[in-house]
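Summary of structural features
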Amino acid sequence: MEKKNPDLCKVDNTLHILIGKWKPLIIMHLMFGGTKRFSDLQRALTGITTKTLTTQLRELEEQEIILRVVYPVVPPRVEYSITEYGMTLQPVLHLMHEWGNAHLERQLNKDQSTFNNNQ
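Residues numbered from 1 in each chain as written. Predicted model: local features only at pLDDT ≥ 70, side-chain atom pairs only at ≥ 80, totals over all residues. Heavy atoms only, no water.

The chain appears in an unreviewed UniProt entry as Helix-turn-helix transcriptional regulator from Paenibacillus arenosi.

This is how it looks when you write it as structure tokens:
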């Protein structure tokens, strides 16, 4: 395995794009659910505020992870979709999902073991 220099690590660049409670969920909804309107995303992301969704979508658009298309109709229609570049995050998100599952399982096993030892 190639030796890595921690000072040159680019993990923080990736985390900067993904950081936030909602960004990975937004990306996943667009990645696997296709193009969505703002209201569709807001309904899918129970608990997100309009301001937070707007901010997170703008940040993802600035990073070219998602595409925002405004249709010139009244009332305005705006749709969001994942870009080809955004799709390159799929393996990263998959690995993070797998690690999160394994970590949760580890914590549950640890808690169960502690519970059993205390009985």
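Mapping Gln56 onto the fold places it in helix 4 (residues 50–62). Filtering out sequence-adjacent residues up to four positions away, Gln56 remains in contact with Trp22, Lys23 and Ile26. (Helix = DSSP H or I, 4+ residues; strand = E, 2+ residues; numbered from the N terminus. Contact = heavy atoms within 4.5 Å.)

The subject of this paragraph is the nonpolar core. Soluble globular proteins tend to pack their nonpolar side chains together in the buried interior. Counting 20 residues, the largest nonpolar core has Ile26, Ile27, Ile65 and Ile66 as its most contacted members. Of all the secondary-structure elements, those providing two or more residues to this core are helix 1 (11–18), helix 2 (23–33), helix 4 and strand 3 (77–82). At four residues, helix 2 tops the list of elements feeding residues into this core. (Core = buried A, V, L, I, M, F, W, Y, C linked by side-chain atoms within 4.5 Å. Buried < 20%, exposed > 50% of the residue type's maximum accessible area, 1.4 Å probe, protein only.)

With six bridges joining them, strand 2 (residues 66–71) and strand 3 adopt antiparallel strand pairing. Following the sheet pairing, Val70 is matched in strand 3 by Val78. Between strand 2 and strand 3, which follow one another and run antiparallel, lie five residues. (Pairing = 2+ DSSP bridges.)

Moving on, we get to the packing of aromatic side chains. Enumeration according to the criterion identifies zero aromatic pairs in this entry. The lysine or arginine in question, Arg77, covers the ring of Tyr71, its NZ or CZ lying 4.0 Å from the ring centre. (Phe/Tyr/Trp six-rings, centres within 6.5 Å; stacked < 30°, edge-to-face > 60°. Lys NZ or Arg CZ within 6 Å of the ring centre and 35° of its normal.)

Those residues carrying the UniProt feature "domain: HTH hxlR-type" (unreviewed entry) are residues 9–108 in this numbering. For residues 9–108, helix accounts for 62% and strand for 14%, while the C-alpha atoms at its two ends are 31 Å apart. (UniProt positions renumbered as here; feature names shortened; annotations may be inferred.)

A few words on unusual backbone geometry. Of note, the amide linkage connecting Val74 to Pro75 takes the cis form, showing an omega dihedral of -5°. Of note, the phi angle at Glu64 is positive, near 65°, even though the residue is not glycine. Using a relative accessible area of 55% as the deciding quantity, one classes Glu64 as exposed.

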